[in-house]
Amino acid sequence: MSFWESVTKIVEKQFVDRAFNLSGQHKDFFCETCRRITDHVSISHAASLRRANRQESRGVRVVSHLVGKLSDLNPAENMLVGRPYRCGGCGREIVD
C-alpha cells in the first residue's frame, strides 16, 4: 500500500466517522467537570435533545425529538455542528 493510499483511507474513515452519527463510539476527551481526560460515548442528537428538553412541555419534547431524529440522518449537521458525546464519568455532554 502506497503512502497516498494510506492517507486516502485515513481521510475517508475520518469523513465517514464524522458525517454519520453512529451511537456508541468511544473517544477520550478532557471533561471540565471531572477535570481529567475521560471516556466519552457518542450519543444520538435525539437523545441529546431529549435530555436538554426534559423539563419542557410535552409538545416541545415531541418536536425536539423529531428534530433530533432528522439531525441523526443528516450528515451536514454532524459536519457543521459536530457530534454529541456524553462523559462516562459525570454524564456531561459535549459536542465535537
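Residues numbered from 1 in each chain as written. Predicted model: local features only at pLDDT ≥ 70, side-chain atom pairs only at ≥ 80, totals over all residues. Heavy atoms only, no water.

Thoughts on the overall build of the protein chain
Working step 1: Assigned secondary structure in the protein chain consists of four helices and four strands.
Working step 2: Tracing the protein chain from N to C terminus, the helices and strands come up as α-β-β-α-α-α-β-β.
Working step 3: Whereas a compact globule of 96 residues would reach a radius of gyration of roughly 12 Å, the protein chain reaches 16 Å, over 25% beyond that.
Working step 4: Burial statistics for the protein chain: of 96 residues in total, 27% are counted as buried.
Working step 5: Looking at the protein chain alone, contacts between residues at least 24 apart form 54% of all its contacts between residues at least 6 apart.
Working step 6: When the 15 basic and 11 acidic side-chain charges of the protein chain are each reduced to a single mean position, those positions are 7 Å apart. (Helix = DSSP H or I, 4+ residues; strand = E, 2+ residues; numbered from the N terminus. Rg over C-alpha atoms; globule rule 2.2 N^0.38 Å. Buried < 20%, exposed > 50% of the residue type's maximum accessible area, 1.4 Å probe, protein only. Contact = heavy atoms within 4.5 Å. Lys, Arg positive; Asp, Glu negative; His and termini not counted. Charge placed at Lys NZ, Arg CZ, Asp CG, Glu CD.)

Some words on the pattern of salt bridges
Pairing between side chains of opposite charge can happen when their charged atoms approach one another.
Working step 1: Applying the stated criterion across every chain yields a total of three salt bridges.
Working step 2: Glu32 serves as the salt-bridge partner of Arg92, at 3.8 Å between the closest nitrogen and oxygen. On the criterion of sequence distance, the pair formed by Arg92 in the loop between strand 3 (84–87) and strand 4 (93–95) and Glu32 in the loop between strand 1 (26–31) and strand 2 (36–42) is long-range, its members being 60 residues apart.
Working step 3: Residue class for Arg92 comes out partly exposed when judged on its relative accessible area of 35%. (Salt bridge = Lys/Arg side-chain N within 4 Å of Asp/Glu carboxyl O.)

Brief notes about unusual backbone geometry
Working step 1: One non-glycine residue with positive phi stands out, namely Arg35, at about 60°.
Working step 2: Here Arg35 lies in the loop between strand 1 and strand 2.
Working step 3: A relative accessible area of 62% means that Arg35 is categorised as exposed.

Remember that the coordinates give geometry; whether it matters functionally is a separate question.
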